[in-house]
Amino acid sequence: MISINRSFILGSLFSLVASSLLALPADKAVILASVQSELQQRLLSEYPFLNDDDLQITLNSSALVIADDSNFSRAKVRYPSHNKVLGRLSLPVFFYNANEELVVTQHVISNADAKATFYYLKDKAHRYELVDKGLFESRLEWMYGQPDRAIRDIGLVSGQEFKYRVSKGSILSSDMLQAVPVIRRQGKVFAILKSGGVEVKAKAVALEDGNQGDLIRVKALLSQKELQGRVMDDQTVFVTFLD
C-alpha cells in the first residue's frame, strides 16, 4: 500500500493534473503521483465543499510491475467518465512500446474517501416541522457509504419543512425536505375563472399543496366540481382546467 504526500504531487509533477488525457512516462512513481492528483481533482470537483485536507486517497500498486528491462515507452491510465470516485476503483494502466504498440495492461487499485459534516436528528421530526439547526447534532464523518443527498450546509435549508415524519438519529438529506407551500392541502382558497371577458371568483378548497406557479387541484365549495389551476398567491388559484 502506498499513500503519496500531496506536496510531492503539487511540486515537480503538478503539470500532470490532466494526466487522464496525456501520455505518461513509464515510471511507477510518476504514474502513481498522476493517479493521486487526478483522483483528488475529481473529488474536489464532485464535492466543492471539501478541502484538500479532508481527502484520503490510498493506492495499491502491487499489481503495477515495471521491470528494468521492460520495453515500455509510455503509459496511459483510464479513468471513469464521471467524477464519482469515492470508494474502491480498479484503474487500468496501458503500457506502450516505442512503436506505439500496446504491450501489457496492469492495474492500480484506489481507495478514496473524504471527511464531511453530517447532521443527525436529536429526536424524531414531524411532518411539516420546520428545519432548525437546534434539531441536529453535527458530526464529522467519512463520506463513503453515507447518503448522496445528505445536507452539507444546514443554513441553506433553514426554514424548509419535513415532507414526512423522520425518525431520531436519521441523517438530514434533501429528499426529506420541501419548501413551505404557499397553499396547504385542505386550505381555503379563491378559484378565479375567466371566460369571454367575464371573471368568476368562487370559494374552493385546495386538494394539494402548492407554491406560486404550481398547478394544483381544487374543489369548488358550491358546485363540488374539481378544478385545476395555477397558484397565484396564498389565497388565489387561476383555473386553467375544468373537470
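## A short note on the overall build of the chain
In terms of regular secondary structure, the chain is built from two helices and 13 strands. Counting every position in the chain, which comprises 243 residues, the buried fraction comes to 40%. Taking contacts inside the chain between residues at least 6 apart in sequence as the whole, the part at least 24 apart equals 51%. Here the chain displays about 13,800 Å² of accessible surface, and carbon together with sulfur accounts for 48% of that area.

## Thoughts on the environment of Lys-188
Tracing the chain through its elements places Lys-188 in strand β9 (residues 188-195). Its relative accessible area of 62% is what places Lys-188 among the exposed residues. Sequence-wise, Lys-188 and Lys-203 are 15 residues apart; in three dimensions their C-alpha atoms are separated by 7.3 Å.

## Details of the pattern of salt bridges
Side chains that differ in charge, positive against negative, can pair when their charged atoms come close. Here the structure, examined in full by the defined rule, presents eight salt bridges. Through salt bridges with shared partners, one network takes in Glu-208, Arg-217 and Glu-226.

## A short note on unusual backbone geometry
Unusually for a residue other than glycine, Gln-186 sits at a positive phi of about 75°. Mapped onto the secondary structure, Gln-186 falls in the loop between β8 (177-178) and β9. Positive phi, normally seen in glycine, also occurs at Gln-224, with a value near 65°. Within the secondary structure, Gln-224 is located in the loop between β11 (215-220) and β12 (226-231). Judged by relative accessible area, Gln-224 falls into the partly exposed class, the value being 46%.

## Points about the confidence of the model for the chain
The pLDDT averaged across the chain works out to 88; a share of 90% of its residues lies at or above 70. In this model residues 1-21 is a low-confidence stretch, pLDDT under 50, and it forms 38 contacts with partners more than four residues away in sequence or in other chains.

## Looking at the environment of Ile-57
Following the sequence through the fold, Ile-57 ends up in strand β2 (residues 55-60). On the basis of relative accessibility, which here comes to 5%, the residue Ile-57 falls in the buried class. Each C-alpha atom, one on Ile-57 and one on Gln-40, is 7.7 Å from the other, the two residues being 17 residues apart in sequence.

## Details of the packing of aromatic side chains
Per the counting criterion, the structure on display carries three aromatic pairs. Ring centres of Phe-72 and Phe-95 lie 4.5 Å apart, and the angle between their planes is 25°; on these two criteria the pair is classed as stacked. Highlighted residues: Phe-72 in the loop between β2 and β3 (74-77) and Phe-95 in strand β4 (residues 87-96), separated in sequence by 23 residues. Taken as a pair, Phe-72 and Phe-95 share a single burial class, namely buried.

## A look at helix α2 (residues 28-46)
The terminal C-alpha atoms of α2 lie 27 Å apart, and with 19 residues this matches the ideal 27 Å at 1.5 Å per residue to within 8%. The N-terminus of α2 is capped by Asp-27, whose side-chain oxygen sits 3.1 Å from the backbone nitrogen of Ala-29.

## Concerning the environment of Leu-102
Position of Leu-102 relative to the elements: it lies in strand β5 (residues 102-121). Residue classification places Leu-102 among the partly exposed residues on the basis of a relative accessible area of 48%. Linking Leu-102 and Ala-75, residues 27 residues apart in sequence, is a C-alpha distance of 9.4 Å. In this view, Leu-102 contacts Phe-94, Phe-95 and Tyr-96; residues no more than four positions away in its chain are not counted.

Reading guide: rules and limits
Residues numbered from 1 in each chain as written. Predicted model: local features only at pLDDT ≥ 70, side-chain atom pairs only at ≥ 80, totals over all residues. Heavy atoms only, no water. Helix = DSSP H or I, 4+ residues; strand = E, 2+ residues; numbered from the N terminus. Buried < 20%, exposed > 50% of the residue type's maximum accessible area, 1.4 Å probe, protein only. Contact = heavy atoms within 4.5 Å. Areas by Shrake-Rupley, 256 points an atom, 1.4 Å probe, with all protein chains shown as cover. Salt bridge = Lys/Arg side-chain N within 4 Å of Asp/Glu carboxyl O. pLDDT = per-residue confidence, 0-100. Phe/Tyr/Trp six-rings, centres within 6.5 Å; stacked < 30°, edge-to-face > 60°. Expected span 1.5 Å × (residues − 1). Polar contact = N/O pair within 3.5 Å; in protein donor to acceptor, adjacent residues only side chain to side chain.

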